[in-house]
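Survey of secondary and tertiary structure
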Number of protein chains: 2
Amino acid sequence: MSAEKARDDEDAANKRAFVLDQFAPYRIVRLGHAMSGALAQAYREENLTIPEWRVLAVAAQADALAARDVVAKTPMDKMTVSRAIASLEAKGFARRAASAEDRRLQMVSLTQTGRALFNRVATRALAFEKSFLENLNADERALFIELLAKIEESVL
Amino acid sequence: MSAEKARDDEDAANKRAFVLDQFAPYRIVRLGHAMSGALAQAYREENLTIPEWRVLAVAAQADALAARDVVAKTPMDKMTVSRAIASLEAKGFARRAASAEDRRLQMVSLTQTGRALFNRVATRALAFEKSFLENLNADERALFIELLAKIEESVL
DNA sequence: GGAGGTTAGTAACATATGTTACCAACCTTT
DNA sequence: AAAGGTTGGTAACATATGTTACTAACCTCC
């Protein structure tokens, strides 16, 4: 068997075994990328970056929380969160205050305008979510969420 | 009703409506992020960046293809692809040659070492895919892939 | 067969993101 | 209560990524 032939056989085997378009992790990453892009519309108009929006979203669900909690709840780096909070504060959407119990902690809370901003963006985000799940019926949607949860369990 | 009270009511409504952890697009983005991280192991040891690995993967599935084709098949910027190809070439994993028909095109193909590298990484990548789908049984896996395809349809 | 437009690729620039190193505040343990 | 270690946050740096602008090659269509 020629070297050429051997290579072709090996390739054929790999083509069956590894096709990028059928590689689940890649598809999820790609889908996530598309999501980010589509969602960006919802906050681009509000001049928010992705990290800012994420901080806004988690902060909206608590009275006040420490930056480290944002890090825990979010796939973002310490530094990214730190910057996002600083920026939200500069824009008047969030406040920072040192915690009384542990003065290392920077407690973050949203201002009135911050909450209003969150509400605007959340509305649009939910509309988007709805539109992209439109291809699925109610059962499929529930199922998808369920399967997603199982996968998250083994990865996150 | 006080302004305070009104705000709380509004917040309560929004908490029900928008919880980041239950927001599907966010969950997918987060999962994708985790995937990337986990997969990184597979090519970090080979000194590959994510874009390089992606180019390798699509190039492995064709004899030769133009850079623009890589862009089309991949959620990557023109420039990112250009750089990844240049780097793969510098490392001896890929070759570039101007197309005879259209001299604007840079046809990319893998070298022997490039293919060998791809095979090594692909093997590890598939093992990872398997491990992360482990929480699902065969039916669930098939179902998940099917639902994923439907969602891709409406987003990609 | 050139003028006007388009496409592929890259260079130069701007921005975003991650990494390392650091300080201050804490929390142990003795 | 002081030494040794840990944690939260940030600054300074390095790297990665996207954007803009350009060139070369192509493709009409008049």
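Since the structure is predicted, the reported quantities are computational estimates derived from the model, not experimental observations. (Residues numbered from 1 in each chain as written. Chains lettered and ligands numbered in written order. Predicted model: local features only at pLDDT ≥ 70, side-chain atom pairs only at ≥ 80, totals over all residues.)

1. Structural notes on the overall build of chain A
A tally of regular secondary structure across chain A gives seven helices and three strands. The long-range share in chain A, meaning contacts at least 24 apart out of those at least 6 apart in sequence, stands at 53%. (Helix = DSSP H or I, 4+ residues; strand = E, 2+ residues; numbered from the N terminus. Contact = placed C-beta atoms within 7 Å.)

2. Comments concerning the interface of chain A and chain B
Contact residues are listed per partner, giving 52 residues for chain A and 52 residues for chain B. Mapped by element, the contributors of at least two residues to the side of chain A that touches chain B are α1 (3–17), α2 (24–44), α3 (50–59), α6 (112–132) and α7 (138–155) of chain A. Among the residues making up the side of chain A that touches chain B, the classes are represented as 33 nonpolar, eight polar and eleven charged. (Nonpolar A, V, L, I, M, F, W, Y, C, P; charged D, E, K, R; others polar.)

3. Details of unusual backbone geometry
If a residue is not glycine, its phi is most likely negative; likewise, a peptide bond is most likely trans. Residues and elements named next belong to chain A. Of note, Asn-47 is a non-glycine position whose phi angle comes to about 60 degrees, a positive value. Within the secondary structure, Asn-47 sits in the loop between α2 and α3. With 9 C-beta atoms packed within 10 Å, Asn-47 lands in the exposed category. (Buried ≥ 20, exposed ≤ 12 C-beta atoms within 10 Å, placed from the backbone.)

4. Some thoughts on the protein's contact with DNA strand D
Taken together, 20 residues sit near DNA strand D, with Ala-67, Arg-68 and Ser-82 of chain A together with Met-79 and Arg-103 of chain B positioned nearest. Of all the secondary structure elements, the ones that give two or more residues to the surface near DNA strand D are α4 (67–72) and α5 (78–90) of chain A together with α3 (50–59) and α5 (78–90) of chain B. Class assignment of the residues belonging to the surface near DNA strand D gives a composition of nine nonpolar, four polar and seven charged. (Near = placed C-beta within 6 Å.)

5. Structural notes on the confidence of the model for chain A
When pLDDT is averaged along chain A, the result is 87, and 90% of the positions lie at 70 or above. Per-residue pLDDT stays below 50 along residues 12–16 of chain A; that stretch engages in four contacts with residues further than four places along the chain or on separate chains. (pLDDT = per-residue confidence, 0-100.)

6. A look at helix α6 (residues 112–132) of chain B
Residues and elements named next belong to chain B. The end-to-end C-alpha distance of α6 is 30 Å, a good match for the 30 Å that 21 residues give at a rise of 1.5 Å each. All buried positions along α6 are accounted for by Gly-114, Leu-117, Phe-118, Val-121, Ala-122, Ala-125 and Phe-132. The arc that holds the buried residues of α6, viewed along the axis, is 135 degrees, so those residues lie on one side. Facing away from the buried side of α6, by more than 90 degrees, are the exposed residues Gln-112, Ala-127, Lys-130 and Ser-131. (Expected span 1.5 Å × (residues − 1). Arc of directions from axis to C-beta.)

7. Some thoughts on the sheet that holds strand β3 (residues 106–110) of chain A
Residue and element names in this part refer to chain A. An order of β1-β3-β2 is seen for the three strands of this open sheet, with the pairing classed as antiparallel. The sheet is open, and its two borders are formed by β1 (65–66) and β2 (94–98), each paired with just one other strand. As judged from the two bridges shared by β1 and β3, these two strands associate in the antiparallel manner. The residue of β3 that forms the bridge with Ala-66 is Met-107. Across the sheet, α5 touches β2 and β3, and the angle it forms with β2 is around 115 degrees. (Pairing = 2+ DSSP bridges. Axes fitted to C-alpha atoms, helices over the stretch in contact; angles between N-to-C directions.)

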